[in-house]
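If you want the building blocks of each chain, they are given just below.
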Amino acid sequence: MRCGPLLLLGLLLLQQGRCFEFVIDGEWADERSHPQNHRDRHKREILTGQELEAQEEGDGVTVRSYHVESRITSRFAHTTVRSLAVNSGSEDHILGFDVRIPKQAFITNFTMNVNGMAFMGSVKERAVARHLFNQARAKGKAAGIVGTNSQDLDNFQAEVIVPAGTIVEFEIHYEEMLRRKLNFYEHSLHLHPGRLVPNFQVDVYIYEPKGISSVQHMDNFQGQFSDLVKVTTTEYKAHVVFKPNLQRQRKCDNCTENAIDGVFTVKYDVNRDSTAGELQVSDGHFVHFFATSNLSPLPKNIVFVIDISGSMWGVKMKQTVEAMLAILDDLTEEDNFNIIDFNHNVNCWSDELVPVSSFQISAAKKYIQNIKPNGGTNINEALMRAIQMLVRSSNSGLLDPRSVSMIILVSDGDPTVGEIKLSTIQKNVKRAMREEYSLFSLGIGFDVDYDFLERIAMENRGIAQRIYANHDAAEQLRAFYRQVSSPLLRRITIQFPDGTVSDVTQNRFDKYFAGSELVVAGKVLLSDSNTLNSFTTASASQMDITLETDASITELDMELAKQEHSFMGFARQMWAYITIKQLIADRSLATTAAKKKKITQKIMTIAVEHQFVTPLTALLVESSDGSERLLANSPKAREQGCCPGAGVGGPSPSQSQVQLVYQPPPWVQMTTPLPPSQVAKGPEVWTLPGKVNLVDNDPHFIIHLPTSNMDICFNIDSKPGHILNLVSDRGTGLAVNGQLVGAKQLQKGKLKTFFGAISVFSEPDGVGVIVSPDGIVMSDGRNKHNFTWGETAAITQEGVRISIVKDSRVSVKINENVEVIVLLHRVWKKNPVNVDFLGVYIDNENQYSPVAHGLIGQFSREPEVTVYDIHDGRDPLKKEATMEVKGNRMKVTRGWQKDYRADNKRGSNVFCWFVHNSGKGFIDGRYTDYIVPDLYSFLPTV
């Protein structure tokens, strides 16, 4: 094969590549010659003044344009790289097209146009593509390959021998799903045009249906072009454009070298109004994005297993120690940890896991700093020792049953001591690991067998990451640790009603870490419903949760059709992308040849249908008549990493399924067993108590007296900010309070007040719930968990159960003895007077102690009430009467107030006797006696 001077139209420096040659007009470059004057005239005819300026002296080759365009829709990116080059010289030249593509991306097409001769690409099964290609290759016409370099990139390279005066256009497309790490999605473009380009431009278009919360860009150009990047954002869209002119591309004023040589990155995040995640439906497919942050981290049990063999000497060890010192500082007081270092021997800093304390952290740091690398590598024994340490601690009852146990392995080489057969080590680790443990592997440098580290991590609910042994290796280690340092949920399952979806990607996950995202995709089955529902169940710190969300099946497609730069097929392609990634991971772990063959066939079928170049397919590029063919293969050796949908935690172990007891339908299954008392209780139905005590609107109290079957009403006229006690029961440890908020302006000379926050506090359980129009906060003294009104959810902690109905109501149940329902009232956003507020409904069947009090609690002991002398009032529609209660006599008016439980907008009328003067005479004392200092306060004991 002949390879002449190479024009790089790539996205990062190529370390090692292959090229193909393509013959135009049947003549090689050294078989043609042209007089000097003809060459100069040729240049003038073909090139503009700016293009002549950009032409490198001596070779007559000019890159006229270089355009990179990414269209990102719902975290799925379709990137196109286009380049147009011209040979304005008098001799044939080799023109090249060289693009660096992220390893996680799939090439979807490559096209080329040489003086009007078009070459189009199509993805085929590898064997089929090779057979067709060999027909052309036998004629000596074409050859090609997709290569791999040492970074997290693939290198696509094409070369064409082009006669003088010929214009060549190259275009490549690739697609990838953006993974969320540390609260951001990152889209990186590797820019290396190699020459000055008169028309150079990068465009990144982002469209997110829920809205974009932030957009930023960065590059490694040392700030040379920071003033040339323009970012335009709206609520749902963003456009990032980078367009340096010819002069700004120069490394210096008179240089002919291009200063653009590096990585251009766009980082962004989206709005999240629901803890349940974001469900999107488009083009017959769905994607469920799950990411939450308003939960307290789970405790961690971590064993750091560090390679200190001789190959770690120098920079590797120095960087590892530096990273470990910072990581130890990030451990929390709820965590347990230990350190194992290994070479040919295995050493433990402590015999067992130790709880985090300032003393233990200080001692561990001294141990780390005194490590001296030497000897061989005994990975098998080190991992066995780490697993045994976790097992002993678990069996001894020393670990929180809701904690997360993990092993973090750091190594730079293959095993050389003890068990050295990789497959045996893999089996040993799999056999010893419990289902609740995870293994994360960090491979430093390129001597390590990264595929092996990846396999043992994937097989044990973790992931692997390569750490590049350079000056920032310590930061790479710390960044990885930050990804797994805050586990928020365990055993997450995302489910859909039977008969509504098919071909669902992995939907059970072992862990969810703060700042990441879990993604589930599938196909939507035809049905009469225009809505798709999903339920997510998970175990959090001290509680179990169930979250529900839904999405319209048609709405998103109609919106996408209006967007000029959106990617209409994103959901379909994302499903295929995730499915193939997961199948490739499964294939690497297949235990039999039959299983591997079945998975292989499935990968090829989906990849060909969706036009993805994978390790099992190839891109065949051929002329319109099929006489000339080029072949692009993805590297066979590389097995893809853990599927993107798995987040950082890997797939969840198989679980025994228990049907949920709360509202969700029978097909929703819990990820953790419920307490026997709740399982035996059977399904619970959302039922409204027949008669309740309630406070709603501004604020109107309705007290139901069941013995006399009478309803008594009164208003409380207090000030914004005051907290009124509704129930104060020292006997059961229950407090229910409401904080007032004022209207935006006076009405008829008076400022109305409403409940802007309702709190329910269970002192024995140490659990408090505060409900406001902004959301729901659950706390247990140490941790706070935040939920939004944007989802239907069920949360269970100790004896407290919280049930949220989307944008409607919250029910708080305590030990099945007390239920408090809070209704949400929204006003239109630009209402000049009123504000969002809450109503509170307290069941008459609640079981209080004899000492219960409060504006509502005191009526758990029903007073004797007599109403007499009923007569017409000043308002003919409202009777008046005299009431005697608690030794007091007062005038009352017959009227009605609203119960909004069944109809949140109009309500239903509750007829009652109205007590004036803020309930004076009906309630004990004055209403000011019920003002308390904070939302979890009890009334003073009398």
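Residues numbered from 1 in each chain as written. Predicted model: local features only at pLDDT ≥ 70, side-chain atom pairs only at ≥ 80, totals over all residues. Heavy atoms only, no water.

Participant: Looking at this model, I keep getting lost on the state of the cysteines. Mind explaining?
Facilitator: Two cysteines whose sulfur atoms are joined by a covalent bond form what is called a disulfide. Under the criterion given, the structure shown has 2 disulfides. One disulfide in the model links cysteine 252 with cysteine 255; its S-S distance is 1.7 Å. Taking the sign of the torsion about the S-S bond as the criterion, the disulfide between cysteine 252 and cysteine 255, at about 95 degrees, is right-handed. The partly exposed category is assigned to cysteine 252, whose relative accessible area is 35%. (Disulfide = S-S within 2.5 Å. Buried < 20%, exposed > 50% of the residue type's maximum accessible area, 1.4 Å probe, protein only.)

Participant: What am I meant to see in the packing of aromatic side chains here?
Facilitator: Centre-to-centre distance and the angle between the planes together describe a pair of aromatic rings. One pass over the full model with this rule turns up 28 aromatic pairs. Taking the centre distance of 5.5 Å and the plane angle of 0 degrees together, the rings of tyrosine 66 and phenylalanine 200 count as stacked. Here tyrosine 66, found in strand E1 (residues 61–73), pairs with phenylalanine 200, found in strand E11 (residues 199–207); they are 134 residues apart in sequence, far enough to count as distant. Accessibility expressed as a relative area gives 2% for phenylalanine 200, which makes it buried. Taken together, Tyr66, Phe200, Phe221, Phe225, Phe242 and Phe264 form an aromatic cluster joined through their ring pairs. A cation sits over an aromatic face here: lysine 267 above phenylalanine 184, 4.7 Å from the ring centre. The lysine or arginine in question, arginine 466, covers the ring of tyrosine 450, its NZ or CZ lying 4.6 Å from the ring centre. (Phe/Tyr/Trp six-rings, centres within 6.5 Å; stacked < 30°, edge-to-face > 60°. Helix = DSSP H or I, 4+ residues; strand = E, 2+ residues; numbered from the N terminus. Lys NZ or Arg CZ within 6 Å of the ring centre and 35° of its normal.)

Participant: Sorry, what's going on with the pattern of salt bridges here?
Facilitator: What the rule picks out here adds up to 35 salt bridges. Of the charged contacts, one joins glutamate 352 and arginine 392 as a salt bridge, the two residues approaching to 3.0 Å between their closest N and O atoms. On the criterion of sequence distance, the pair formed by glutamate 352 in the loop between strand E20 (346–348) and strand E21 (354–355) and arginine 392 in helix H7 (residues 379–395) is long-range, its members being 40 residues apart. Overall, arginine 392 belongs to the partly exposed group, its relative accessible area being 35%. The residue lysine 886 makes a salt bridge to aspartate 924 at a minimum N-O spacing of 2.8 Å. With lysine 886 in the loop between strand E50 (879–885) and strand E51 (888–899) and aspartate 924 in the loop between helix H15 (916–919) and strand E53 (931–932), the pair connects residues that are 38 residues apart, well separated along the chain. (Salt bridge = Lys/Arg side-chain N within 4 Å of Asp/Glu carboxyl O.)

Participant: How do you make sense of the sheet that holds strand E12 (residues 212–219) when you look at a structure like this?
Facilitator: Pairing between sheet strands relies on hydrogen bonds along the backbone, with the strands arranged either parallel or antiparallel. Taken together, 4 strands build an open sheet; the order of strands is E9-E10-E15-E12 and the sheet is antiparallel. The sheet terminates laterally at strand E9 (180–181) and E12, the two strands that pair on one side only. Pairing of E12 with strand E15 (residues 262–270), which is carried by 7 bridges, proceeds in the antiparallel orientation. By the bridge assignment, aspartate 219 is partnered in E15 with phenylalanine 264. (Pairing = 2+ DSSP bridges.)

Participant: Help me out: how do you make sense of the sheet that holds strand E26 (residues 501–502) in this one?
Facilitator: One open sheet holds the 4 strands; their spatial order is E16-E17-E28-E26, and the pairing between them is antiparallel. The sheet is open, and its two borders are formed by strand E16 (278–282) and E26, each paired with just one other strand. With 5 bridges joining them, E16 and strand E17 (residues 285–290) adopt antiparallel strand pairing. Counterpart to valine 281 in the pairing with E17 is phenylalanine 286. Sheet contacts for helix H12 (residues 570–588): E16, E17 and strand E28 (518–524); angle to E17, the most-contacted strand, approximately 70 degrees. (Contact = heavy atoms within 4.5 Å. Axes fitted to C-alpha atoms, helices over the stretch in contact; angles between N-to-C directions.)

Participant: Help me out: how do you make sense of the confidence of the model for the protein chain in this one?
Facilitator: For the protein chain, the average pLDDT comes to 84, and 85% of its residues sit at 70 or higher. Note on residues 1–49: pLDDT under 50 across the span, and 135 contacts to partners over four residues away in sequence or across chains. Within the model, the stretch residues 637–648 combines pLDDT values under 50 with 51 contacts to residues more than four positions away or in other chains. (pLDDT = per-residue confidence, 0-100.)

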